[in-house]
Amino acid sequence: MKWLRNWFVGIALLMALAATQTTASLRSETPLVLVGHTGGPSLAVTVQDDLAWLALGHALAVIDISAPRHPRRVGAAILPAYDLALQGRFAYVVSRDSLRVVDIADPQHPRAVGQLPVSHTALGIAVQGDRAYVANERGGLLVVDISDPRAPRQMGAIPTGAAWDVALSGDYVLVAGSYSGLAVVDVADPAHPQKIAHLDSYTRTLAVAVAGDRAVVAADSQGLRILDIANPSRPV
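Report follows, based on the coordinates.

Reading guide: rules and limits
- Residues numbered from 1 in each chain as written.
- Predicted model: local features only at pLDDT ≥ 70, side-chain atom pairs only at ≥ 80, totals over all residues.
- Heavy atoms only, no water.
- Helix = DSSP H or I, 4+ residues; strand = E, 2+ residues; numbered from the N terminus.
- Buried < 20%, exposed > 50% of the residue type's maximum accessible area, 1.4 Å probe, protein only.
- Salt bridge = Lys/Arg side-chain N within 4 Å of Asp/Glu carboxyl O.

1. Observations regarding unusual backbone geometry
Move 1: For Asp49, which is not glycine, the phi dihedral falls at a positive 55 degrees.
Move 2: Secondary-structure assignment places Asp49 in the loop between β1 (44-48) and β2 (51-55).
Move 3: Its identity as a non-glycine residue notwithstanding, Glu137 has a phi of 45 degrees, on the positive side.
Move 4: Inspection of the secondary structure puts Glu137 in the loop between β10 (131-135) and β11 (141-145).
Move 5: Using a relative accessible area of 21% as the deciding quantity, one classes Glu137 as partly exposed.

The following block contains the structure:
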């Protein structure tokens, strides 16, 4: 469940801060200030212009954040939602049983227009061009053709152990796999993805993000790990 993953990510980040910074340095930093809030549980969020899109588990919610002190809900689509990615006029939403494509051209009335069932629990998603990459829990990594958003179709898959989260780096997908560690998959041929590297972990690899030649990994009790992926086949 992504809410559980996010909870552990938060704990991992707090532990990393506690282990690497002194009380004095913490006091010298400018504290973050909460300026606005909207109630209810949320599992994932992404922002586009003045709108925040929230995966709530049971729905996709649209929040107007143009006035940060007074965020307000302006729309919703009632459908299972654990994670999401936006591209153009569509939101790509994953949940326990499928990938759903939601038309968000009218933020007040988002509507599901396409769906691809999955065999396990889809926990994470990343989108690039005509491809979506889905972390499908025990089903590994799925590569989905979204050239027609209303008719998404699976075009490739590869076992990676567990798959909880995904991040993109060019022709490569990094897959965070809980106790399965971190896998690097070459998707240059999306119909035949190939795993080219794997890093074991003594604790759970819960989430991953990419910035240039660096991968940032939330590693549960190991805290925050930063990897050099300039050579994707040999992350260090």
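2. Section: the pattern of salt bridges
Move 1: Using the criterion set out here, one finds nine salt bridges in the structure.
Move 2: When the shortest N-O distance is used, the salt bridge between Arg131 and Asp145 registers 3.8 Å. Separated by 14 residues along the polypeptide, Arg131 in strand β10 and Asp145 in strand β11 bring together distant segments of the chain.
Move 3: Judged by its relative accessible area of 23%, Arg131 is partly exposed.
Move 4: In this structure, the salt-bridge partner of Arg214 is Asp228, at a minimum N-O distance of 3.6 Å. Residue Arg214 is located in strand β18 (residues 214-218), and its partner Asp228 is located in strand β19 (residues 224-228); the two are separated by 14 residues in the primary sequence.
Move 5: Look at Arg214 and you get partly exposed, because its relative accessible area is 39%.
Move 6: For Asp228, a relative accessible area of 29% corresponds to the partly exposed category.
Move 7: Here the salt bridges share partners, and the residues they tie into one network are Arg89, Asp103, Arg111 and Arg150.

That is the geometry; function is a separate question.
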